[in-house]
Amino acid sequence: MSTPVLEAHAIAKRFGGVIALRGVSFALAAGEVHALCGENGAGKSTLIKLLAGIHPHGSYDGRIEVDGNEVQFHSARDAESAGIAVIHQELALFPDLTIAENLLLGSLPTRYGLVDWNEALTRARTLLADVGLTLDPARRVGTLGIGQQQLVEIARALARRPRILVLDEPTAALSRHEIDTLLALVQRLRTQGVACIYISHKLDEVFAIADRITVLRDGAAQGTCIARDTGTTAIIALMVGRPIEDLYPRRQRKRGEPALAVHGLDAARDQRAAPWLRELAFTVHAGEVLGIGGLMGAGRSELLLHLMGLWGERRRGTVALGGQELPPGDVRAAMRAGLAIVTEDRKRLGLVLDAGVAFNLTLSSLRAIARHGFVDDAAEATAAGAMVADLRVKTATLETRVGALSGGNQQKVVIGKALLTKPRVLLLDEPTRGIDVGAKLEVYELINRLTDQGQAIVLVSSELPELMGMSDRIMMLHEGRIGGEFERSVATQQALLSAAMGIAPGRAA
Amino acid sequence: MQDTHTREWFMLGALVAIWAFFAWQEPVFLSARNLSLLSIELAVTATLALGMLLVLLPGHIDLSAGSGVGLTGAIAAVLITWHGVPAPVALLLATLAALVVWALMGALVVVERVPAFIITLGGLLVFRGLHWLVINNSTVPVVAGGSQNTYSMLTTSFLPPLAGYVLAAAVVAAMWLVSQRRRAARAKLGLPVADRERHVIGLIIAAQAIGLVVIIANDYRGLPLALVILATVALLVHMVTMHTPFGRYLYAIGGNEEAAVVSGVPVRNTVIGAFALMGGIVALTGFMQTAYSGATTTTIGSLMELDAVAACVIGGTSLRGGRGSVAGVLFGALIMASLLNGMTLMAVSPEIKYIARGGVLALAVWLDLRVARGRSS
């Protein structure tokens with residue numbers, strides 16, 4: 001192989017007493033797609049931030065070379081001018097500006113000192129076409145879906161003609177179709193000689209796109225493999241440090257009494273909108289996992305949020321918990337009745353990031369641990385401590401800032417908060433999104449334990465294997481309606497996808 | 001962590017510098033009489049700032065507080081002097097009015113989603129206008145000349161020396177007991193505890209500070225009642241913010257309102273409750289400030305909202321909500337009160353006073369932003 005375009009030598013980085021990277025070496029060859037895999041907290045993001053100049057030179061040990069020459073990035077700008085473009089997990093777009101403005105910000109074409117909008121729109125359209133989007137560049141970015149925004153972000157990075165492109169979890173929010181577009185784009189860039197570092201939890205994508213795979217664990221490189229000579233299990237074993245027997249360890253229990261019953265439910269975003277959820281009717285029993293799938297925008301998250309009283313306006317229908325009807329739009333009543341939710345977007349809807357672990361864990365159940373109107377510190381520490389031990393949350397103390405935990409541990413705190421309300425029905429919206437394989441397994445084991453104790457679970461997931469692996473029954477949504485219902489035993493990917501696309505309107509269960 | 005400690009040391013240094021400067025320029029600054037007056041001024045500023053903390057924690061602000069101080073003080077004075085209402089009844093009526101009005105402002109903020117900045121900016125003007133209407137643009141004393149009532153006594157009465165010592169001893173004993181129990185409980189639960197030496201030294205310093213305050217106060221006329229009122233309010237606000245579900249909700253809403261809603265936090269009632277408490281504290285501050293002047297005039301309370309915000313921010317309260325503590329606010333208020341008192345002693349012209357207050361406010365907010373940036377990167 002020729003000289004690597006980018007090379008990291010024995011990189012070590014610590015944050016106070018925490019070692020994030022312990023001597024990682026890594027080489028990116030020209031025109032290769034190199035995947036970085038590892039659990040959350042393995043050090044991937046730290047490594048990326050070094051390469052992006054966010055952690056400046058001098059804050060770490062080791063050497064970074066571009067084309068064999070040592071470089072010292074003091075800012076993100078330095079990294080950019082060395083030809084490195086990084087797409088971070090968090091989007092950095094201006095929602096109130098147009099696509100064209102976002103794409104060309106800082107380099108808007110001008111004529112006689114005024115912005116030349118015709119030229120700008122033309123250039124923007126070309127850039128959009130590069131990432132497979134045929135949108136009007138004059139649209140406001142805020143009106144786009146998350147997937148399209150992600151592609152706009154990538155288009156913006158490509159506008160600077162980088163030689164090295166770093167993609168950090170680029171497909172987390174994308175639909176199947178958008179993922180395919182993105183993967184094709186990366187393939188095309190490779191033929192144009194752009195080297196790419198690709199970070200993803202989705203191993204199928206990694207294997208579809210990567211030439212080589214480097215696995216990080218606990219801040220150390222575990223090895224670099226040629227993708228086509230390696231299998232998924234080998235990579236997972238490197239990631240978690242032990243072989244994994246069963247990815248989806250669902251143990252089905254006998255169905256108990258009906259716990260959550262939904263009848264003839266129609267709901268709309270607000271008073272003026274047409275119903276988004278329509279004619280929904282289903283029952284979840286104690287000890288059962290009902291999986292809910294569907295394409296992006298099918299109404300999965302909206303349904304869960306509506307059940308909690310957090311989204312939309314009820315037009316028709318009832319939601320009952322244990323035979324007792326819930327008033328619509330009253331989240332506190334829903335919680336008192338025994339409903340709890342783990343939302344998909346844990347940073348926005350799940351956590352108070354600046355507050356501590358115990359603070360977040362007990363936020364929904366403070367009434368239960370208050371005595372004479374005061375929070376009982378001992379009861380709080382006991383409850384939170386038990387939950388931390390039970391869910392194996394890795395945290396220094398109960399008062400550690402939640403924002404300082406890794407993604408998987410943050411997710412456990414969100415789940416723990418819901419569990420402390422002692423729910424009868426737990427609604428899980430993409431509970432394993434963006435968390436690593438080890439933490440995923442723990443979530444699955446937890447689902448088993450909860451249903452063993454007789455709780456009912458509604459599991460929304462966009463990963464079909466997870467849906468099929470962990471649900472007892474699966475309900476596919478299509479444009480706000482039930483597209484099909486399946487028992488676990490008869491569900492196939494084909495059938496589920498057809499139902500999600502509205503091709504098989506009949507009920508197979 | 002390191003960052004916040006730097007900030008605390010910096011602020012302590014600033015306080016020492018301010019005191020040293022004034023003591024050098026005007027040695028009378030450190031006289032028992034002036035320190036006694038300073039403690040009353042501190043009580044007024046700090047009480048209002050503690051109310052402001054309750055509103056800032058969930059991410060709102062109250063710009064109407066200063067006008068409210070003038071208005072509530074005026075209502076009580078007018079009721080007593082012009083209508084012959086007994087002082088306790090007048091104070092109660094004015095307090096109830098403030099509770100209702102501030103709860104309404106809170107409701108507008110959280111139910112109708114009008115930004116608190118705008119609602120209370122409106123309040124600033126409306127209350128100022130009402131204040132002048134109520135007093136007919138005249139000067140209304142809080143009590144008929146020469147006599148005393150509950151109202152005037154708020155800032156003119158002092159605890160007898162012995163009572164001051166007994167109170168100080170009781171407070172120190174209570175602090176020792178509570179912290180001892182808290183340490184034991186934390187150790188039992190496996191939570192980190194500060195090491196014993198530091199803890200004892202901290203207690204001794206606190207005891208010495210309290211003792212010093214009482215000794216100096218007794219050197220003049222005794223412990224001012226206003227200071228006792230402040231201590232009571234501080235204790236209450238501390239208990240509410242740190243040890244009740246309501247207090248947790250304040251921090252949660254300020255930290256991440258959407259997550260708070262999803263977590264089942266009663267956001268509406270909490271914010272309305274915070275504003276209502278602010279109303280009560282505005283009324284109390286209004287009484288103290290008006291009593292301190294002896295009468296209500298058109299300028300009472302003017303700009304006090306900004307001193308309160310400055311005190312909060314100097315004390316580490318975030319203007320975006322979710323961060324702040326009673327101890328910090330008390331400290332910030334001490335800096336503000338010292339500045340104002342010292343400048344008055346030095347006979348600094350009002351022009352310069354305005355400039356200094358504005359400079360301190362801007363400086364404090366800039367520091368606050370620096371800290372926030374240090375955290376997020």
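This structure is a prediction, so every number in the text was calculated from the model and none was measured.

Colleague: Is there a simple way to explain the interface of chain A and chain B in this structure?
Modeller: For interface size, the figure often reported is the accessible area lost on association. The interface is formed by 32 residues belonging to chain A together with 24 residues belonging to chain B. Note on chain A versus chain B: buried area summed over both sides is about 2300 Å², and carbon and sulfur give 61% of it. Three residues stand out in chain A for area buried against chain B, namely Arg332(A), Phe359(A) and Leu363(A), and they jointly supply 19% of the buried area on that side. Joining chain A to chain B, the criterion identifies 4 salt bridges. Across the pair Glu258(B) and Arg348(A) runs a salt bridge, and its minimum N-O distance is 2.4 Å. Our enumeration of links across chain A and chain B arrives at 11 residue pairs in polar contact (both at pLDDT 80 or more). When contributions to the side of chain A that touches chain B are tallied by element, the ones reaching two or more residues are helix H10 (331-337), helix H11 (346-350), strand S20 (374-375) and helix H13 (377-390) of chain A. With 5 residues, H13(A) is the largest single contributor of residues to the side of chain A that touches chain B.

Colleague: Mind showing me how you'd approach helix H14 (residues 326-345) of chain B here?
Modeller: Every α-helix winds through 3.6 residues per turn, so residues three or four apart in the chain are directed the same way. Taking 1.5 Å as the rise per residue, H14(B) with 20 residues should run 28 Å; its terminal C-alpha atoms sit 28 Å apart, in good agreement. Extensive coverage of H14(B) is indicated by the burial of 14 of its 20 residues.

Colleague: Help me understand the packing of aromatic side chains, please; the structure alone is not making it clear to me.
Modeller: Aromatic rings considered in pairs are described by the distance between their centres and by the relative angle of their planes. All names here are of chain B. This model, assessed by the stated rule, comprises 8 aromatic pairs over all chains. Centre to centre, the rings of Trp 19 and Phe 29 are 5.5 Å apart; their planes meet at 90°, and the pair counts as edge-to-face. Remark: Phe 29 occurs in the loop between helix H1 (2-25) and helix H2 (32-56) and Trp 19 occurs in helix H1; sequence separation between them is 10 residues. Following the ring pairs from residue to residue traces out a cluster consisting of Trp 19, Phe 21, Phe 22, Trp 24 and Phe 29.

Colleague: Even after reading the chapter, I still don't get the sheet that holds strand S11 (residues 212-217) of chain A, so can you show me in this structure?
Modeller: Adjacent strands of a sheet form backbone hydrogen bonds with each other and so pair up, either parallel or antiparallel. Residue and element names in this part refer to chain A. Read from one edge of the open sheet, 6 strands run S6-S9-S10-S3-S11-S12, paired in mixed fashion. Taken across any chain shown, the strands that pair with only one partner, and hence form the sheet edges, are strand S6 (84-87) and strand S12 (220-226). Each adjacent strand pair in this sheet contributes to an overall mean axis angle of 15°, direction not counted. Bridge count between S6 and strand S9 (residues 164-168): 4 bridges; the pairing is parallel. Within S9, the position partnered with Val 86 by the bridge is Val 166. Contacting strand S3 (33-37), S9 and strand S10 (195-199), helix H6 (residues 176-191) runs over the sheet at an angle of about 150° to S10. Of the strands in this sheet, S3, S11 and S12 touch helix H8 (residues 232-240), which is tilted by about 25° from S11.

Colleague: What am I meant to see in the side chain of Glu205(A) here?
Modeller: By the element assignment, Glu205(A) lies in helix H7 (residues 203-209). Leave out the neighbours within four places in its chain, and Glu205(A) touches Thr171(A), Ile179(A), Leu183(A), Tyr198(A) and Ser200(A).

Colleague: Explain a nonpolar patch on the surface here, please?
Modeller: Together, Leu295(A), Leu497(A), Met501(A) and Ile503(A) give the surface a local cluster of nonpolar side chains, amounting to about 360 Å² of exposed area. Summarising the element assignment, Ile503(A) is placed in the segment after helix H17 (493-500).

Colleague: Before we go on, may I ask you to explain the environment of Gln148(A) in this structure?
Modeller: Residues and elements named next belong to chain A. By secondary structure assignment, the location of Gln 148 is in helix H5 (residues 146-159). Residues Gln 148 and Asp 354 lie 206 residues apart in sequence; the distance between their C-alpha atoms is 30 Å. Beyond its immediate stretch of four places on either side in the chain, Gln 148 contacts Leu 133, Leu 135 and Glu 178.

Colleague: Quick question: what am I supposed to make of unusual backbone geometry here?
Modeller: Peptide bonds are mostly trans, and most non-glycine residues show a negative phi. In this structure, Arg392(A) takes a positive phi of about 50° despite not being glycine. Despite not being glycine, Asn136(B) shows a phi value in the positive range, around 55°. Mapped onto the fold, Asn136(B) is located in the loop between helix H5 (116-135) and strand S1 (140-141). The class for Asn136(B) is exposed, based on a relative accessible area of 58%.

The rules behind these values
- Position numbers for residues start from 1 in each chain and track the written sequence from start to end.
- Chains carry letters and ligands carry numbers; both start at the beginning, A for chains and 1 for ligands, and go up in the order they are written.
- With pLDDT at 70 or above as the cut-off, local features in this predicted model cover only qualifying residues; side-chain atom pairs require 80 or more to be listed or tallied, and sums for whole chains, interfaces and linings still use all residues.
- Side-chain numbers come from the whole structure's heavy atoms, not from hydrogens or water.
- Throughout, a residue-residue contact means that at least one pair of heavy atoms, one from each residue, lies within 4.5 Å.
- Throughout, the accessible surface (probe 1.4 Å) given up by two parts as they are put together, summed over both, is called the buried area.
- Salt-bridge detection follows one rule: a side-chain nitrogen of Lys or Arg within 4 Å of a carboxyl oxygen of Asp or Glu.
- For the purposes of these results, a polar contact is taken to be a pair of N or O atoms within 3.5 Å, where, inside protein, one atom must be able to donate a hydrogen and its partner to accept one; residues adjacent in sequence count only when each atom of the pair is a side-chain atom.
- Helical segments are the DSSP runs of H or I of at least four residues, strand segments are the runs of E of at least two, and each set is numbered from the N terminus.
- One less than the number of residues in a helix, times 1.5 Å, gives the span that helix is expected to have.
- Relative accessibility thresholds used throughout: buried, under 20% of the residue-type maximum; exposed, over 50%; partly exposed, between the two (1.4 Å probe, protein chains only).
- Aromatic rings from Phe, Tyr and Trp, taking only the six-membered ring of Trp, are treated as a pair when their centres fall within 6.5 Å; an angle between ring planes under 30 degrees marks them as stacked, one over 60 as edge-to-face, and anything in between as tilted.
- At least two bridges found by DSSP between two strands is the condition for calling them paired.
- Axes, fitted as lines to C-alpha atoms, cover a helix only where it is in contact. Angles between the N-to-C directions of the axes lie from 0 to 180 degrees.
- Without a salt bridge and with relative accessible area above 30%, a residue can belong to a patch; like charges are then joined within 9 Å and nonpolar side chains (Val, Leu, Ile, Met, Phe, Trp, Tyr) within 5 Å.
- Per-residue accessibility takes into account occlusion by the displayed protein chains alone, with areas from the Shrake-Rupley method and a 1.4 Å probe.

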